[in-house]
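Structural overview
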Amino acid sequence: MKFWFGYVSVFASMPKLTLILTNMFTSHYPIMMPISSPKQPILVFITITIFSLLLVPVLSRNAHVINFRSPNLYPESLAWDPLMQHFLLGSLRQRIIAAVSDSGIVETYISDTDLPEGASILGLAVDAPRNRLLAVVHSYPPLPPFNALAAYDLRSRRRLFLTPLPSEGIDAANDVAVDYSGNAFVTNSGGNFIWKVTIDGSASIFSTSPRYLAVTNDPTDDDDSAHHSLGLNGIAYVSKGYLLVVQSSTGKVFKVDAEDGTAMQVSINEDLIGADDIAVRSDGVAAVVSPMKVLWLLKSTDSWLEGAVYDKVEVNVRRFPTSVVVGDKDRVYVLYGHVNEGRVEDSGRDSFGIAELRSKREGEEDGVWIFVVIGLACTYFFFWRFQMSHLVKKMDKTNWLSKFLSFKTNFMIKSST
């Protein structure tokens, strides 16, 4: 049964090919092929086989790794701009947003000196339908408290608004996600709640569910851990109308209604302690990264009432990955920004990285369907050969009978004469 479900999951990711093969094998007339074109099944077999073999190098390609240089950048956040096809990064120690190409070319995309000196640009989100970039701005102690959301036009690069976020005490604006209407949702790691900023820049406290405070810190978590005191952190918007939010100190995941802010804890088979960021692929798979642990890949079959970790991908903890994003072709990338160094002091680092991380388990499943397709092609080919052989035998019998009857008729005619 597990083997069969593996086949189903493979073809679920290939709807067009599945439809073609389904029609091929479930047609009411699978063998009613013109005898005048006996090469057609052979061509089908060859085409499918070549198509499958051509994909082997694609599936076995090396993961995409981008190493780039930018002095004193220490980026904590990462976003993907699908139109310009580049990554955008916020700086922990500078009031800039950098753009990085897939070949590692860096440029200062936005420089906003109106932001408080020493402020950090943390979470980033691209609002593609409105060509906007949303950026969370936060000042760490001992600087004066500052928490705001800035919006920039992606093409002109001018700032659209800078909205201070309403204070509730110990606030730490962290990450941001945007819905289809342009509403932005910002996590507060200090106060364990979520702000909402409308498309025109109006801010309010959106979700203060008691569920965020109902869970306590994991007793095994080190008090000196960089994530010991972090509450709600990474946030992602799901097109069905809700948010997925991770809580660093407890490793819990919450599903939050994007309309009224009601929250529920997602039941998962393990706690994602130290989770820093979350991103969701188009197939619904969620990727969650921890700077000191792994990249978790999670699935849910009931719109995140429950979820399960189905794979873990090793990360380079020495490079301190703090952000995960879904880039081109649904590829998952993590940011190696070394912000653990940048929070302490400027260590003089100028080298950082963006790396594609891939699931070995998914790679194995992708490899399976190639052999499935080839097997189906072979089955179809030999089935056609069998039918053609059967048809030829029937035709031979028919020809023999016709010749016999013709001979008998001629014989009777000659006998009568």
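Please read all numbers here as calculations on a predicted model, not as lab measurements.

Some remarks on the overall build of the protein
Tallying secondary structure elements over the protein gives six helices and 25 strands in all. A sequence separation of at least 24 residues applies to 52% of the contacts in the protein between residues at least 6 apart. Per element, the accessible surface of the protein, about 21,600 Å² overall, is 58% carbon and sulfur.

A short note on the sheet that holds strand E21 (residues 294-299)
Strand order in the open sheet made by the five strands is E18-E22-E21-E20-E19, with mixed pairing throughout. The open sheet terminates on both sides in strands that have one partner only, identified here as strand E18 (267-268) and strand E19 (277-280). By the bridge criterion, four bridges tie E19 to strand E20 (residues 286-289) in an arrangement that is antiparallel. The residue bridging valine 280 from the neighbouring strand is alanine 286, located in E20.

Regarding the packing of aromatic side chains
Summed over the entire model, instances satisfying the criterion amount to eight aromatic pairs. Geometrically, the ring pair formed by tyrosine 212 and phenylalanine 254 is edge-to-face, given 5.2 Å between the ring centres and 85° between the ring planes. With tyrosine 212 in helix H4 (residues 211-214) and phenylalanine 254 in strand E16 (residues 252-257), this pair connects stretches of sequence that are 42 residues apart. An aromatic cluster of three or more residues is present, and its members are Phe68, Tyr74 and Phe352. When the ring centre of tyrosine 109 is taken as reference, the NZ or CZ atom of arginine 157 above it lies at 3.9 Å. The ring of tyrosine 242 has lysine 255 sitting right over it, with the charged end atom 4.4 Å from the ring centre.

Structural notes on the pairing of strand E9 (residues 159-164)
Within a regular strand, side chains alternate between the sheet's two faces. Strand direction decides the pairing type here: strand E8 (residues 147-153) and E9, joined by five bridges, are antiparallel. Residue pairing for E9: alanine 150 is matched across the bridge by leucine 162. The hairpin turn running from E8 into E9, its antiparallel successor, is five residues long, and arginine 157 in that turn takes a positive phi close to 70°.

With respect to the sheet that holds E16
Strand order in the open sheet formed by four strands is E14-E15-E16-E17, with antiparallel pairing between adjacent strands. Each having just a single partner strand, strand E14 (232-238) and strand E17 (263-265) make up the two edges of the open sheet. Across this sheet, the average inter-strand angle for adjacent strands is 25°, counted without regard to direction.

Examining the pattern of salt bridges
Tallying each qualifying case throughout the model produces 13 salt bridges. Between aspartate 81 and arginine 155 there is a salt bridge, with the nearest N and O atoms lying 3.4 Å from each other. Linking aspartate 81 in strand E2 (residues 75-81) with arginine 155 in the loop between E8 and E9, this pair joins segments that are 74 residues apart in sequence. What makes aspartate 81 buried here is its relative accessible area of 1%. Of the charged contacts in the structure, one is a salt bridge between glutamate 107 and arginine 157, with a shortest N-O distance of 3.5 Å. With glutamate 107 in strand E5 (residues 106-111) and arginine 157 in the loop between E8 and E9, this residue pair connects regions lying 50 residues apart in the sequence. Each of Asp112, Asp114 and Arg159 takes part in salt bridges that share partners, so that together they form one network.

Regarding the nonpolar core
Of all hydrophobic cores here, the largest spans 35 residues; its most connected members are Phe68, Phe87, Leu89, Leu149, Val176, Val186 and Ile354. If sequence neighbours within four positions are ignored, valine 186 has contacts with Val136, Leu149, Leu165, Ala173, Asn174, Asp175, Val176, Phe193, Ile194 and Trp195. Counting residues in each nonpolar core, the second largest holds 19 residues, with Val126, Leu133, Val137 and Ala150 among its members.

So, unusual backbone geometry
Looking along the chain, the bond that leaves proline 141 and enters proline 142 is cis, with omega of 10°. Relative to the elements of secondary structure, proline 142 occurs in the loop between strand E7 (132-138) and E8. Backbone geometry places aspartate 330, a non-glycine residue, at a positive phi of 65°. Within the secondary structure, aspartate 330 is located in the loop between strand E23 (321-326) and strand E24 (332-336).

Let's talk about the pairing of strand E3 (residues 86-91)
Within E3, six of the six residues are buried, which leaves it mostly tucked inside the rest of the structure. Of the two faces of E3, the one lined by His86, Leu88 and Gly90 and the one lined by Phe87, Leu89 and Ser91 are each fully buried. Two strands pair when backbone bridges link them, and E2 and E3 are joined in this way by six bridges, in the antiparallel orientation. Bridge assignment links leucine 78 to a residue of E3, and that residue is leucine 89. Between E2 and the antiparallel strand that follows it, E3, lie four residues; glutamine 85 among them carries a positive phi value of about 55°. Pairing of E3 with strand E4 (residues 96-100), which is carried by four bridges, proceeds in the antiparallel orientation. Each residue of the ladder has a partner; that of glycine 90, found in E4, is isoleucine 97. Counting the residues in the hairpin turn of E3 and E4 gives four residues.

About the criteria used
- Residues numbered from 1 in each chain as written.
- Predicted model: local features only at pLDDT ≥ 70, side-chain atom pairs only at ≥ 80, totals over all residues.
- Heavy atoms only, no water.
- Helix = DSSP H or I, 4+ residues; strand = E, 2+ residues; numbered from the N terminus.
- Contact = heavy atoms within 4.5 Å.
- Areas by Shrake-Rupley, 256 points an atom, 1.4 Å probe, with all protein chains shown as cover.
- Pairing = 2+ DSSP bridges.
- Phe/Tyr/Trp six-rings, centres within 6.5 Å; stacked < 30°, edge-to-face > 60°.
- Lys NZ or Arg CZ within 6 Å of the ring centre and 35° of its normal.
- Axes fitted to C-alpha atoms, helices over the stretch in contact; angles between N-to-C directions.
- Salt bridge = Lys/Arg side-chain N within 4 Å of Asp/Glu carboxyl O.
- Buried < 20%, exposed > 50% of the residue type's maximum accessible area, 1.4 Å probe, protein only.
- Core = buried A, V, L, I, M, F, W, Y, C linked by side-chain atoms within 4.5 Å.

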